[in-house]
Amino acid sequence: MENFLTQTLVYLGAAVVSVPIAKRLGLGSVLGYLIAGVIIGPFALGLTGQLADVMKFAEFGVVILLFLIGLEVQPSMLWDMRKAIFGLGGAQVLGTGLAIAAASLALGLPWQQALAVGLVLAMSSTAIVLQTLDEKGLRQGPVGRAAFGVLLLQDLAVIPLFALLPLLATGAPHPTETNGGHGGGSLVAHLPVWAQMLSVFAAVGAVVGGGRYLVRPVFRFIAKARLREIFVAAALLIVVAVASLMQIVGLSPALGAFLAGVVLAESEFRRELETDIEPFRGLLLGLFFITVGAGVNLPLVASQPLTLLGLVIGLMALKFLVMYGLARLFGAPKRGAMAVATALAQGGEFAFVLLTFTVGAGVIGAQLAALLTAAVAVSMAFTPLAMILYERVAALMDAAIPDVVPDTGDFDEGEPDIIIAGFGRFGQITGRLLSANGFKSTVLDSDIEQIELLRRFGRRVHYGDATRLDLLRQAGADRARMLIVALDDREKTVELVETARKAFPDLVILARAWDRRHAYDLLANGADAVERETFESALALGTTALQKLGFRAHRAHRAAAFFRRHDRRTFEELRPMWGQEEAYILASRDAAQTMDRLLNADLHRMRPGDAGGAWNTASLDEELREQAAREGAE
Amino acid sequence: MTDASTGPVTPSTSGVLLVLAHPALERSRANRALAKAAKGLSGVTFKDLYEVYPDFVVDIEAEQAALLAHDVVALQFPLYWYSTPSLMKEWLDLVWLHGFAYGEGGEALKGKRLFVACTTGASAKAYHAHGYNRFSMDEFLRPLEQTAHLCGMGWETPFVVHGASVKDDDALKAEAERYKARLASLLPALSTSGKTEA
């Protein structure tokens, strides 16, 4: 326990100190974590303890990252990305692999080793690439899409690589080290190939089927319990369960998590899952970067600095060139291709695993592996720097060609114009009106039965308590134009208006008010406009009543319109009073007091006949009658 | 918007579409008397605009279909500031569209007839070059006459009740009978059935 606390202290302390500094220096958080790792690592301060254990734990951050990405990828989107995944991704793995192999061959490695090194180093770091692109705001655009497609195929390619690499063995295998952590947990490795294949399909089927038919009812059940921590626990449970299952059948846990994410991307719990799991992703990824930093073999770096530097620069340059060429070939604009190629130029975390594995399989020597591991780690550390370099070059290019089209693409199709919190009897009508007029809205509702029903009618509704700021942010509140609060709960409505106003000063906030008092309360808390939920419908029923009592339709309509105007004026007039007499109003007599005031105002301003006073031609008729009499007399 | 070809198909056109606009019919003795007389006629479809569209949101498709289904369009209204009440103007603006009523492809009303029935507060004498209104009723109704012309419609001699608010019940009854006869004369000899709306 003491050891655990010390370790936590070391890792958290290093992160908290170095990451903000790195960010302030414009180096990005990834480099901050890596530097923190180097400092506390076994070759510097030596505070990291059992680094291998921590690393395994931290790798779970990558699993969570892929799960979260999966949540953002609709199955249809995955299909749209098939060109990026199989075309660009496949070309990258093969092209880069062969290019590095050729270079290795030129440096004097035998072809088997050269090919193994090439394929291993062709992999990029999912964690670093995505984190970096995220920080640069590029992940949602075409650049992010292309990079992600390539990364996804690399994840897939790891599976055959494990089968392929042992075939390149030239030396004797080291059976003790064949456990590379990746396929390491596989319980089916001893089975014949067909059985292994079968178990893989069964596992994938279980993830898809479970996500479709099992997870949603379970989540619904949990949601009804309204215990947030259990929801978080259930979300983590899914990710862990899928990762374990994948490990059992020998697939990449990250890939499995991605698949689970995609399956759940269309569920109503998507936003809630994202919000709940997000913090774990950040922390674990940070931990992961720290362990990578800590793993840099400083003595090795110190003993062969030039060789290593040459290797890193050569590796990154080669990866950059191949990727740039391929991206251009696949139709990316120059800038986009540069961004993708820069982002993907480092070696990946799979390289660590695969290098250990290749040594174990007797393909390459331990010394070469150590050198390459160090090179990969350093190349990861160089990635944020390379991105900064890319930005400089891109800025120069922009300056040279002033009318470059910004690389934002049309990926923001999911950005809502409006967020509607609460999609019950009230929110639905408002929402329907807005969507009928072409506005996109994201809907949040916490009544699981309501969501059920709406989804059956094909509406996109997300489960979640909208008063939570993080969920609001997930829903896009910092980019949306408007928030419509249509909750069924007085207190929560006020709470949400207050929270949203503080967090998003520019957001237009409209709110459904319970009654007059609630309406004042909401305005005082920052709502831009409110509507008393029963006011318009009561007025409409009153209009019908007037018609049934014999008023012509137009007169009844005008009477209601007149009354509405009068009431809204009274509402504004009583508003300052409400503020002063808050304490009094909150006392028991408030309702009667307000009503008294209102009735007085009604009588004072709305004399009977006022509403129908229009079109009263009495005075004109009188004059015409006099005129006619005069004419008759003449 | 909607042109004749996409509007609801009507097997045959017949009768008079009587469009009435009075924002306070409950106060108008003259217009009520006229409307009551018209309602007694078969072959007249009665449409009370302020009753059907109290919020001024005119249903364009429904109104165009109604126009298509009749041979004669009759407009009944009190003269307000030498023009129609605002909702009737709104109705004209929204329904008698380019491409439907006039202009290229706008032949929906061609061959139909436009008949105006109008009440005024002032006496007939006022609507004269030497009266205080300085112009004749024919001149004040020119915008509608030209509307009919542009739409290829025939222009029927307008029916006008002057001094409406001064007339006693008997006088109004006589005017209503005259109105009824005028409307009947516009109907084809063998009218089928009387339709009433609102």
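Keep in mind the model is a prediction, meaning the values are calculated, not measured. (Residues numbered from 1 in each chain as written. Chains lettered and ligands numbered in written order. Predicted model: local features only at pLDDT ≥ 70, side-chain atom pairs only at ≥ 80, totals over all residues.)

Caption draft 1: Expanded view of the overall build of chain A. Secondary structure assignment for chain A yields 27 helices and six strands. Looking at chain A as a whole, 42% of its 634 residues qualify as buried. (Helix = DSSP H or I, 4+ residues; strand = E, 2+ residues; numbered from the N terminus. Buried ≥ 20, exposed ≤ 12 C-beta atoms within 10 Å, placed from the backbone.)

Caption draft 2: Fine view of the overall build of chain B. Within chain B, the regular secondary structure consists of seven helices and six strands. Scanning chain B from its N terminus toward the C terminus, one meets helices and strands in the order β-α-β-α-α-β-α-β-α-α-β-β-α. Sorting the 198 residues of chain B into buried and exposed places 37% on the buried side. Of the contacts made within chain B by residues no fewer than 6 positions apart, 83% connect residues no fewer than 24 positions apart. (Contact = placed C-beta atoms within 7 Å.)

Caption draft 3: Molecular detail of helix 12 (residues 270-294) of chain A. All names here are of chain A. With 25 residues, helix 12 extends 35 Å between its outermost C-alpha atoms, agreeing within 8% with the 36 Å of an ideal straight helix rising 1.5 Å per residue. Where helix 12 bends most, the angle comes to about 40°, and this point is Ile-277, followed within four residues by the proline Pro-279. With respect to burial, helix 12 is a largely interior element, 20 of its 25 residues being buried. (Expected span 1.5 Å × (residues − 1). Bend = angle between axes of the 7 residues up to and from the residue.)

Caption draft 4: Spatial organisation of the interface of chain B and chain A. Facing 15 residues of chain B, the contacting portion of chain A comprises 15 residues. When the residues that make up the side of chain B that touches chain A are grouped by side-chain class, the tally is seven nonpolar, four polar and four charged. (Nonpolar A, V, L, I, M, F, W, Y, C, P; charged D, E, K, R; others polar.)

Caption draft 5: Highlighting the packing of helix 5 (residues 82-106) of chain A against helix 6 (residues 111-122) of chain A. Residue and element names in this part refer to chain A. Here helix 5 crosses helix 6 at 140°, and the two axes come no closer than 7 Å. Put simply, helix 5 runs oblique to helix 6. Helix-helix and strand crossings are classified by hand; for helix 5 and helix 6 the assignment is right-handed. Between helix 5 and helix 6, the contacting residues are Val-93, Thr-96, Gly-97, Leu-98, Ile-100, Ala-101, Ser-104 and Leu-105 on the first element and Trp-111, Ala-114, Leu-115, Val-117, Gly-118, Leu-119, Leu-121 and Ala-122 on the second. Split into classes, the residues belonging to the contact of helix 5 with helix 6 amount to 12 nonpolar, four polar and no charged. (Axes fitted to C-alpha atoms, helices over the stretch in contact; angles between N-to-C directions. Parallel < 35°, antiparallel > 145°, perpendicular 65-115°, else oblique. Left-handed = near helix turned anticlockwise from the far one by under 90°.)

Caption draft 6: Spatial organisation of helix 14 (residues 305-329) of chain A. Between the first and last C-alpha of helix 14 of chain A there are 36 Å, a value that for 25 residues agrees with the 36 Å anticipated at 1.5 Å per step. The complete set of buried residues in helix 14 of chain A reads A:Leu311, A:Val312, A:Leu315, A:Met316, A:Lys319, A:Phe320, A:Val322, A:Met323, A:Tyr324, A:Leu326 and A:Ala327.

Caption draft 7: Spatial organisation of the sheet that holds strand 6 (residues 529-532) of chain A. Residues and elements named next belong to chain A. Judged by pairing direction, the sheet is parallel, and its six strands sit side by side in the order 3-2-1-4-5-6 without closing on themselves. Since the sheet does not close on itself, it has two edges, and those belong to strand 3 (461-463) and strand 6, each with one partner. Taken pair by pair, the neighbouring strands of this sheet meet at an average axis angle of 20°, ignoring direction. Sitting on the sheet, helix 19 (residues 448-456) touches strand 2 (441-445) and strand 3, and the angle it makes with strand 3 is about 155°. (Pairing = 2+ DSSP bridges.)

Caption draft 8: Summary view of the nonpolar core. A:Phe67, A:Ala147, A:Ala257, A:Val340 and A:Ala421 are the most contacted members of the largest nonpolar core, which has 172 residues in total. A domain-level breakdown of this core finds at least three residues from each of domain 1 (2-179 + 253-400) and domain 2 (418-605) of chain A. If sequence neighbours within four positions are ignored, A:Ala421 has contacts with A:Leu444, A:Ala466, A:Leu483, A:Ile484, A:Val485, A:Ala486, A:Leu487 and A:Leu496. In terms of nonpolar packing, the next biggest core, distinct from the first, is built from 49 residues, B:Phe46, B:Leu67, B:Val95 and B:Ala176 among them. (Core = buried A, V, L, I, M, F, W, Y, C linked by C-beta atoms within 7 Å. Domains from an automatic or database assignment.)

Caption draft 9: Geometry of the environment of A:Ala394. Residues and elements named next belong to chain A. If you trace the backbone, Ala-394 turns up in helix 17 (residues 366-400). Since 18 C-beta atoms lie within 10 Å of it, Ala-394 is described here as partly exposed. In the structure, Ala-394 is positioned 55 residues away from Ala-339 in sequence and 8.8 Å away in space, judged by C-alpha atoms. Those residues in contact with Ala-394 that sit more than four places away from it in its chain are Arg-335 and Met-338.

Caption draft 10: Structural context of the pairing of strand 1 (residues 418-421) of chain A. Residues and elements named next belong to chain A. The side-chain alternation of strand 1 yields two buried faces, one formed by Ile-418 and Ile-420 and the other by Ile-419 and Ala-421. Relative to strand 2, strand 1 runs parallel, the two being bridged by four bridges. Residue pairing across strands places Ala-421 opposite Leu-444, the latter belonging to strand 2. A crossover links strand 1 with its parallel partner strand 2, the connecting element being helix 18 (residues 425-436), and its sense is right-handed. Here four bridges tie strand 1 to strand 4 (residues 482-485), and the two strands are oriented parallel to one another. Note on strand 4: the bridge partner recorded for Ile-418 is Met-482. (Right-handed = clockwise from strand over helix to strand, strands pointing away.)

Caption draft 11: Representation of the pairing of strand 4 (residues 113-119) of chain B in the model. All names here are of chain B. Within strand 4, six of the seven residues are buried, which leaves the element mostly enclosed by the surrounding structure. Of the strand pairs in this sheet, strand 3 (residues 72-78) and strand 4 are connected by seven bridges, and their pairing is parallel. Across the sheet, the residue bridging to Gln-76 is Ala-117, located in strand 4. Crossover strand 3 to strand 4 through helix 4 (residues 86-95) is right-handed. Strand direction decides the pairing type here: strand 4 and strand 5 (residues 154-155), joined by two bridges, are parallel. Counted as the bridge partner of Arg-113 is Gly-154 from strand 5.

Caption draft 12: Representation of the packing of helix 10 (residues 228-249) of chain A against helix 12 of chain A in the model. Residues and elements named next belong to chain A. Close contact between helix 10 and helix 12 brings their axes to 9 Å; oriented N to C, the two are set at 75°. Viewed along their axes, helix 10 and helix 12 adopt a mutual orientation that is roughly perpendicular. Contacts from Phe-231, Val-232, Ala-235, Leu-236 and Val-239 of helix 10 reach helix 12 at Glu-272, Leu-273, Asp-276, Ile-277 and Phe-280. Split by residue class, the contact of helix 10 with helix 12 holds eight nonpolar, no polar and two charged.

Caption draft 13: Local environment of unusual backbone geometry. Residues and elements named next belong to chain B. Non-glycine residue Phe-56 carries a positive phi angle of around 70°. Positionally, Phe-56 belongs in the loop between helix 2 (49-52) and helix 3 (60-68). The exposure class assigned to Phe-56 is partly exposed, which follows from the 14 C-beta atoms found within 10 Å. The phi torsion at Tyr-82 lies on the positive side, around 60°, for a residue other than glycine. The residue Tyr-82 is located in the loop between strand 3 and helix 4 in this model.

Caption draft 14: Looking closely at the environment of B:Met137. Residue and element names in this part refer to chain B. In this structure, Met-137 sits in helix 5 (residues 137-140). Sequence separation between Met-137 and Pro-158 is 21 residues; the distance between their C-alpha atoms is 8.8 Å. Setting aside residues up to four positions removed in sequence, Met-137 forms contacts with Tyr-127, Pro-158 and Val-160.

Caption draft 15: Geometry of the confidence of the model for chain B. Residues and elements named next belong to chain B. Confidence in the prediction of chain B, expressed as mean pLDDT, is 89, and 88% of residues score 70 or more. A low-confidence stretch, residues 1-11 (pLDDT under 50), is modelled with 20 contacts involving residues beyond four sequence positions or located in other chains. Scored below 50 in pLDDT, residues 190-198 makes 21 contacts in the model with residues more than four places away or belonging to other chains. (pLDDT = per-residue confidence, 0-100.)

Caption draft 16: Structural detail: the confidence of the model for chain A. All names here are of chain A. For chain A, per-residue confidence averages 80 on the pLDDT scale, and 87% of positions sit at 70 or higher. Summarising per-element confidence for chain A, the mean pLDDT is lowest in helix 25 (residues 582-586) (49) and highest in strand 5 (residues 508-513) (96). Considering only residues more than four positions removed or in separate chains, one finds that residues 175-184, a stretch of pLDDT under 50, has 21 contacts. Per-residue pLDDT stays below 50 along residues 401-413; that stretch engages in 15 contacts with residues further than four places along the chain or on separate chains.

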